[in-house]
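This is what each chain is made of:
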Amino acid sequence: MVERYRVLGYTPDDARLRADRHTNSVLPATYFSSRQDLERRREELRFNLRMAAGLYPWPEKTPLNARYEPVGEYEGYSVQKVMFESFPGFSSTGNLYLPRPMPEKAPAILNVIGHWDKQRLTRESRADYPQQLANFARMGFICLVTDMIGMVDSLQISHGYGRGEKELWQSNGLGVQLWNNIRALDLLCSMPEVDEKNIGVTGASGGGSQTLFLSLADDRVKAAAPINMISFHMQGGCACENAPGLRRCTDNVEMCAVLAPRPLFLAGSTGDWTKYLETAELPAVLDAYRQYDAENMVEHFYQDAEHQYNEKTRHLVYSFFARHLMGRDPGWVEQSIETGDLLDLTWFRGAGHAPGFENDEEFFDFHKAERRAAVAKLASDEKRKMLAWITGVKKTGFRLISVSVEERGAVRIEKSLVCGEYGQRLPLVRLIPAGWDGGDVLLAFSDRGKDCLGNADVQAYLRSGYAVISGDLFLTGEFAGAVRVVAGTEDDNRFFSAFHDSDDALRIQDAALLMSVAKSMGNRLTVWADGTVSGAAACALALSEDVSWARLNERMEELPVTGIQLLGGVKGCLELIRCPVELK
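Heads up: these notes are all about the structure in this document.

1. Comments concerning the packing of helix α2 (residues 129-139) against helix α7 (residues 311-326)
Contact pair α2 / α7: the axes reach a minimum separation of 11 Å and the direction vectors enclose 35°. Of the two elements, α2 crosses α7, and the hand of that crossing is right-handed. Facing α2, whose interface residues are Q131, Q132, N135, F136 and M139, α7 presents R314, V317, Y318, F321, A322 and M326. Partitioning the contact of α2 with α7 into residue classes produces seven nonpolar, three polar and one charged.

2. Side note on the sheet that holds strand β8 (residues 221-227)
Pairing between the strands of a sheet comes from backbone hydrogen bonds, and it takes one of two forms, parallel or antiparallel. Here we have nine strands laid out as an open sheet, ordered β2-β3-β4-β6-β5-β7-β8-β9-β10, and mixed in their pairing. Every other strand in the sheet has two partners, leaving β2 (67-74) and β10 (298-303) as the edge strands with one partner each. Averaged over neighbouring strand pairs, the angle between their axes works out to 20° when direction is ignored. Two elements, β2 and strand β3 (residues 77-87), share seven bridges in a ladder whose sense is antiparallel. For G72, the partnering residue across the bridge sits in β3 and is V79. Across the sheet, helix α6 (residues 277-289) touches β9 (264-269) and β10, and the angle it forms with β10 is around 180°.

3. With respect to α7
Spanning 16 residues, α7 covers 21 Å between terminal C-alpha atoms, matching the ideal 22 Å at 1.5 Å per step. Looking at α7, one finds that the buried residues are T313, R314, V317, Y318, S319, F320, F321, A322, H324 and L325. The inward-facing, buried residues of α7 contact β5 (106-112), α2, β7 (194-204), β8, β9 and β10. Looking at where α7 begins, the residue whose side-chain oxygen comes 3.2 Å from the main-chain nitrogen of K312 is N310. Immediately beyond the C-terminal end of α7, within one or two residues, lies G327, with a positive phi of roughly 80°.

Scoring rules and cut-offs
Residues numbered from 1 in each chain as written. Predicted model: local features only at pLDDT ≥ 70, side-chain atom pairs only at ≥ 80, totals over all residues. Heavy atoms only, no water. Axes fitted to C-alpha atoms, helices over the stretch in contact; angles between N-to-C directions. Helix = DSSP H or I, 4+ residues; strand = E, 2+ residues; numbered from the N terminus. Left-handed = near helix turned anticlockwise from the far one by under 90°. Contact = heavy atoms within 4.5 Å. Nonpolar A, V, L, I, M, F, W, Y, C, P; charged D, E, K, R; others polar. Pairing = 2+ DSSP bridges. Expected span 1.5 Å × (residues − 1). Buried < 20%, exposed > 50% of the residue type's maximum accessible area, 1.4 Å probe, protein only. Polar contact = N/O pair within 3.5 Å; in protein donor to acceptor, adjacent residues only side chain to side chain.

In structure tokens:
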């Protein structure tokens, strides 16, 4: 870089060069100062979840077109196969377990399944879903159990759906499963026999994650039992639990805590990542419930066992849901059931799937069109709200550390370090012409960092009386040669984008921060950008209210920022800029 514009003699000590969060990190607890603090955070986390899941704005709730087929009638319960369209041409599949005889009104349970090999057909000591669901029905609950995507009958898309280009649209398995589960609640609420004010959700492992996400997203869940999942020590081992952006600023325990004051049952075991439940996660959740004087709404069970939803846990879960959804505890003792061919519970017996979409790409084409149409209906401010989440731009404070001041002819050269409150460290140079009146300021960006201060266009602004400012965006200028140090193993970082912003997103954040810095130094701000960082400048400009005019490179490239295509990419962001823009 040009030595004249070098601020430091070393790589900036920017905290973002160290990426130390991953799915197996030990994460800190969050505590809330008041009920209002918790409720504000709940709304933030709901928006965060919906954006990560690709469900902002909500999709249209189209007809479910539910299909049912009887499986059999048994002592105290009956079983049906069920299939319903969560999206047009895309079906969620599963079973209904119904009390027999059927009461006029009954509470309901949605049982979501984790990563058990046989899914809802699992019958083993660690988990026995047919027996669990049959016992719920015998107790008087209407029970719906659904398949994970890519499992059992739900084979229209793969379980790993969501990689590659799909990340640019936030089209992922977490979102598809969450929408399936929201529509499953719709199905239950459409049944005249269901008491829609008394619906509970439960699941273990990845089903615990689904229970958490659905409970956070939908207030129709009155009581929740995420089993053997909620932990500071592991956030989920599958892409269907780790959508891009989901965990940049939160974790499962915090999302669980903001469910307060709804009834909550947690389970943990010595043999998995929930082994610290009683000393770590439970106290943090109880602290949140204390804001409502509702600690008695949290129950838990901890045992010496492997990863499980075993009979000991189920016994307590029956009691939990009975008390909170029925208003009484029958002291239920689990009864054994006999099952014949478990494939009788399925629609396709492992050889086919519902009519409609045939594969991931067909569904993705539909989903892109659906998202494009839904976002197009939003007002510009709603789109900017989405863009702020997509790019990670926040209103942030800063301080300037002066490094040196030099007079060179008729120009004063001030060198500083911008210190942002999230650990940003950005070298900055300000060129002030003699007689500058404190009015016009030009902020210049380029791929070469502050070296653009020598550009002929930029120098022309300086000669015309502008103060000219430039800083190094992440990994440009004085960051040259720096790399992000990623903590953990390759396996730990399988879901890097769930926990961290991309380099391009960090450059957008830096551009927004430097616009705030530049605005504090003058009355009228003009932004000039050249090279590939013009795209970052355009995204930051869409989120700024303090710029008078902008001149950007018309050949700006698209940025591989997760979610950016929901807004039409960089070109869509250009339409959100409030000030006049010249493309050169």
